[in-house]
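Below are the chains, spelled out letter by letter.
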Amino acid sequence: MRDFAERLIAYETKGNKSSGTKTAVVFLVGEKLRLHLTALMGNVGFRALFSRALALANAEVPWLHTVHVKADGSLGGLDELGAQVASEKIAEGSVVLFAQLLGLLVAFIGGSLTQRLVREMWPKIPLNDLDFGNGDKNENPK
Amino acid sequence: MKIQNDAGKRQPLKRIASPPAKVTIRKLPTGVRGLDDILGGGVPEFSFNIIAGTPGCGKTTMAHQIVFANATVEKPALFFTVLGEPALKMLRYQQQYSFFDESKLGNAIRFINLADVVMEKDLNAVFDEITKQVAAINPGIVVVDSFRTVVRKTTAGVSEMEMQSFIQRLAQFLTSWEATTFLVGEYDPAEIRDNPVFTIADGLFWLSQKAERNSIVRKLQIVKVRGQNSVPGLHTIRISEGGLQAFSRTLAFVPQNKKPARRQRLSMGIPELDKMMGGGVLEGDSLLVAGPSGTGKTALATQFIAAGLRNGEPGIIAIFEERPKGYTDRADSFGLNLKTPQEKGKLEILYLRPLDLSVDETMQEILDAVERIGAKRLVIDSLVSLEMALAPGFREDFRESLYRMIVALTAAGVTILSTVEVEDTFTGFSFSHYTISFLTDDIIRLRYVEIDGQLRKVMVVIKMRGGNHSKDIREYVITSKGVVVIHPRSTDYDGLTTGIPRQTGPRKAQKVESGPEPKARK
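Residues numbered from 1 in each chain as written. Chains lettered and ligands numbered in written order. Predicted model: local features only at pLDDT ≥ 70, side-chain atom pairs only at ≥ 80, totals over all residues. Heavy atoms only, no water.

### Re the overall build of chain B
Looking only at helices and strands, one finds 16 helices and 26 strands in chain B. Counting the 522 residues in chain B, one finds 52% classified as buried. Expressed as a percentage of contacts within chain B between residues at least 6 apart in sequence, the contacts between residues at least 24 apart total 70%. (Helix = DSSP H or I, 4+ residues; strand = E, 2+ residues; numbered from the N terminus. Buried < 20%, exposed > 50% of the residue type's maximum accessible area, 1.4 Å probe, protein only. Contact = heavy atoms within 4.5 Å.)

Written out as structure tokens, the structure reads:
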């Protein structure tokens, strides 16, 4: 799942070198996912899912405690984060966060549907070589 | 304008005023097996429908089946989810069904969450959001699940007139945009009279479920569907891996063949019995073989099927207790090979056992098998076990459903042999405790009689609707060849039908039998 998240972040970072702060660009994946998934599951649904992903990611990346999910489902606390944490660490943390979010999607609706949803947002990113598993939460996240 | 007639003279063309053509309403497939027939061909295009019922009846699944059956990239389906089942969970569960085609998601089927609008705004905002999405996507199918939630949340403080106006506007808009709409909701039957949505709707599909002792029975009623004839009444529905399946009360069986005008007589596989029946059973008849346990009903039924197979007539044996292997093994012991015709697709042994089976489902399984192999003969062994296999709630409908199936199949020229256990009393001579003899054209009764210190078996043809038959009571035995009718009628006894006959003729010397009848030896 980390390969998956890394690929999305790399794609977004590459295409948005000039816009916004480095931190904001790294988390642009979350914003794109939010806009797309909110149409499907509503604000409340997305917020719940993203909050769970953040809680799971917190266990691996302690500095993510400074980030929170706002009422509209977007991430808050990103500006402060840039001043406290090195950009490489932020990039690593964002990979963990989005890997958890994508992992939750796979757990709920399966790899095939998750891949389809992601393809709608990033049609140019090759995903066929990724193994999404069968959505079993007991599997080790890759 | 003039035309030239044969004589070369010009004659004025007669104008024949033809009546204006009435509109043809296209009917959309529902994707729910059996439902199109119940609806009278499908869902009328551009209609505004309600799928209502209590939780767990399959409302959302039905809506999904309709969506997947109709959505295309050119004419997509819009599925608005509200505060009911969360979208992720809905996708999680619905993808388990075989109709779920994920390649349609995103392009042919779009899910849009209305929960935020419903939670934060009013009816006008809900209307605006729906119209905005419909105008942008131009869908052929629109589903709102659950519409009940939309109404509940947004109508706090809204008058009944405003509510009616909202539904009216929504119905008019969606119809004008050439969308066929389904509003899914949990409603109570008592609301039908007062809720404006039911008045405005063109179609109302009511799903329900009730517990019958340990069985759950799901039912569907088409309360209304404008512009076409639906099948009235409650129809059984089942939810399985294929989604919902509906079983019409009228068993929508369209026979491939009709009963021939001149019917031939079919051999029962027992030459003496054929003679007793005036040459055999008439093609397309329903024959009941009644008798107590151990009198050879199954043997007789197997011989009937085997005779058909020898004559190139495919057959079905529907059994409810004994496993197919036991059945074929017993046939083997009579020298009747049922395995080869099974392998060649000429014979199917249907083993129908689930205890919550509805009678319509059972009938449908049998009808499907008959259609599948083009069966000419059908054995139902036995009616008692068939009834036992049904959920308690369905047993009341047993005779009615059996009647419908027998009528449907015999009309198609299928000859049916049903067996039924009857308890022999030594005072009466009943044919069946189901009083279903009115369903059958022919009846053969088997029974035990006490003669000369032995419990022997006799048979008699009670009734043959299609012609004359022997009135003889004939003794028979079950040998390694199956049922074999032996002696001619006996005139030395009377009262055979009571089971305890009185000897009237001379007493004959009795042979000592060394062993038991060689019944079913392997």
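Anyway, onward from the coordinates.
### Thoughts on the domain arrangement of chain B
With domains assigned, chain B is organised as domain 1 (27-247) and domain 2 (265-503). Here the C-alpha centre of domain 2 of chain B lies 47 Å away from the C-alpha centre of domain 1 of chain B. (Domains from an automatic or database assignment.)

### Some details on the sheet that holds strand 22 (residues 454-464) of chain B
Residue and element names in this part refer to chain B. Spatial ordering of the open sheet is given by 18-17-19-20-16-21-22-23-24, a layout of 9 strands whose pairing is mixed. Sheet topology places strand 18 (347-351) and strand 24 (482-485) at the edges, where each strand pairs with a single neighbour. Across the sheet, the mean angle separating the axes of adjacent strands is 25 degrees when strand polarity is ignored. Here helix 13 (residues 359-373) sits on the sheet and contacts strand 17 (315-319), strand 18 and strand 19 (377-381); the angle it forms with strand 18, its principal contact strand, is near 165 degrees. (Pairing = 2+ DSSP bridges. Axes fitted to C-alpha atoms, helices over the stretch in contact; angles between N-to-C directions.)

### What to know about the packing of helix 5 (residues 123-137) of chain B against helix 7 (residues 160-176) of chain B
Residue and element names in this part refer to chain B. Contact pair helix 5 / helix 7: the axes reach a minimum separation of 11 Å and the direction vectors enclose 5 degrees. The angle between the axes of helix 5 and helix 7 places the two elements in the roughly parallel class. In this structure, helix 5 uses Leu123, Asn124, Val126, Phe127, Ile130, Thr131 and Val134 to contact helix 7, whose residues at the interface are Met163, Phe166, Arg169, Leu170, Phe173 and Leu174. Its residues assigned to classes, the contact of helix 5 with helix 7 shows 10 nonpolar, 2 polar and 1 charged. (Parallel < 35°, antiparallel > 145°, perpendicular 65-115°, else oblique. Nonpolar A, V, L, I, M, F, W, Y, C, P; charged D, E, K, R; others polar.)

### Structural notes on the layout of surface pockets
Remark: the empty space left among the atoms is shown by a probe the size of a water molecule rolled over them. One number sums up the size of the second largest pocket: a volume of about 560 Å³. Elements supplying a minimum of two residues to the lining of the second largest pocket: helix 3 (28-60) and helix 5 (87-121) of chain A together with strand 7 (109-113), helix 4 (115-120) and helix 5 of chain B. For the lining of the second largest pocket, a count of residues per class yields 12 nonpolar, 5 polar and 8 charged. (1 Å grid on protein atoms, 1.4 Å probe; cavity = no way out; pocket = protein on both sides within 12 Å on 5 of 7 lines; lining within 4 Å. Points joined across faces, edges and corners; volume = space filled by probe spheres on them.)

### Description of the packing of helix 13 of chain B against helix 16 (residues 398-411) of chain B
Residue and element names in this part refer to chain B. Their axes nearest at 10 Å, the elements helix 13 and helix 16 cross at an angle of 15 degrees. As the angle between them shows, helix 13 and helix 16 are arranged roughly parallel. Considering the relative orientation of helix 13 and helix 16, their crossing is right-handed. Along the contact surface, helix 13 presents Val359, Asp360, Met363, Ile366, Leu367 and Val370, while helix 16 presents Phe398, Ser401, Leu402, Arg404, Met405 and Leu409. Broken down by class, the residue content of the contact of helix 13 with helix 16 amounts to 9 nonpolar, 1 polar and 2 charged. (Left-handed = near helix turned anticlockwise from the far one by under 90°.)

### Brief notes about the pattern of salt bridges
Oppositely charged side chains can form a pair if their charged atoms are brought close together. Summed over all chains, the structure comprises 21 salt bridges over all chains. A salt bridge links Glu60 of chain A to Arg2 of chain A, with the shortest nitrogen-to-oxygen separation between them at 2.1 Å. Within this pair, whereas Glu60 of chain A is found in helix 3, its partner Arg2 of chain A is found in helix 1 (residues 2-15), the two being separated by 58 residues in sequence. For Arg2 of chain A, a relative accessible area of 34% translates into the label partly exposed. The partner of Glu31 of chain A in a salt bridge is Arg34 of chain A, and the shortest N-O contact between them spans 2.6 Å. Linking Glu31 of chain A with Arg34 of chain A, this pair stays in helix 3, spanning 3 residues, or about one helical turn. Counted as one network, the salt bridges with shared partners bring together Lys325, Asp329, Asp332 and Lys339 of chain B. (Salt bridge = Lys/Arg side-chain N within 4 Å of Asp/Glu carboxyl O.)

### So, helix 2 (residues 59-70) of chain B
Between the first and last C-alpha of helix 2 of chain B there are 17 Å, a value that for 12 residues agrees with the 16 Å anticipated at 1.5 Å per step. Of all 12 residues that make up helix 2 of chain B, 11 are buried, and the element is covered over most of its length. (Expected span 1.5 Å × (residues − 1).)

### Observations concerning the side chain of Ser47 of chain B
Along the chain, Ser47 of chain B turns up in the loop between strand 4 (43-44) and strand 5 (48-53). With residues near it in sequence (within four places) discarded, Ser47 of chain B still touches Ala179, Thr180, Thr181 and Asp202 of chain B.

### Topic: the interface of chain B and chain A
Across the boundary between the two partners, chain B contributes 15 residues, which contact 17 residues of chain A. Summed over both sides, the interface of chain B with chain A buries roughly 1,400 Å², with 56% coming from carbon and sulfur. It is Leu88, Glu102 and Asp116 of chain B that lose the most area in chain B upon contact with chain A, and together they represent 42% of the buried surface on that side. With its nearest N and O atoms 3.7 Å apart, the salt bridge here joins Glu102 of chain B to Arg116 of chain A. Applying the counting criterion to the chain B and chain A interface returns 9 residue pairs in polar contact (both at pLDDT 80 or more). At the level of secondary structure, the elements contributing two or more residues to the side of chain B that touches chain A comprise helix 3 (87-94) and strand 7 of chain B. Tallying contributions element by element places helix 3 of chain B first for the side of chain B that touches chain A, with 4 residues. (Buried area = accessible area lost by both parts, 1.4 Å probe. Polar contact = N/O pair within 3.5 Å; in protein donor to acceptor, adjacent residues only side chain to side chain.)

### Re the packing of aromatic side chains
We describe a pair of aromatic rings using the distance from one ring centre to the other and the angle between the two ring planes. Residue and element names in this part refer to chain B. Applying the stated criterion to the full structure yields 13 aromatic pairs over all chains. When the centroid spacing of 5.2 Å and the interplanar angle of 40 degrees are considered together, the rings of Phe79 and Phe111 count as tilted. You can see Phe79 sitting in strand 6 (residues 77-81) and its partner Phe111 sitting in strand 7, a full 32 residues away along the chain. A single burial state applies to Phe79 and to Phe111, both of which are buried. (Phe/Tyr/Trp six-rings, centres within 6.5 Å; stacked < 30°, edge-to-face > 60°.)

### Quick notes on helix 1 of chain A
Residue and element names in this part refer to chain A. Between its terminal C-alpha atoms helix 1 stretches 20 Å, which fits the 20 Å expected from 14 residues at 1.5 Å a residue. Of all the residues in helix 1, the buried ones are Phe4, Ala5, Leu8, Ile9 and Glu12. The buried residues of helix 1 occupy one face: seen down the axis, they fall within an arc of 125 degrees. (Arc of directions from axis to C-beta.)

### Focus on the pairing of strand 9 (residues 180-185) of chain B
All names here are of chain B. Among the 6 residues of strand 9, 6 are classified as buried, and the element is accordingly described as predominantly covered. In strand 9, alternate side chains face the same way, and those of Thr180, Phe182 and Val184 on one face and Thr181, Leu183 and Gly185 on the other are all buried. Looking at chain direction, strand 5 and strand 9 are connected through 5 bridges and run parallel. Looking at strand 9, one finds that Asn49 is bridged to Phe182. Here 5 bridges tie strand 8 (residues 141-145) to strand 9, and the two strands are oriented parallel to one another. When the bridges of strand 9 are listed, Val144 appears paired with Leu183.

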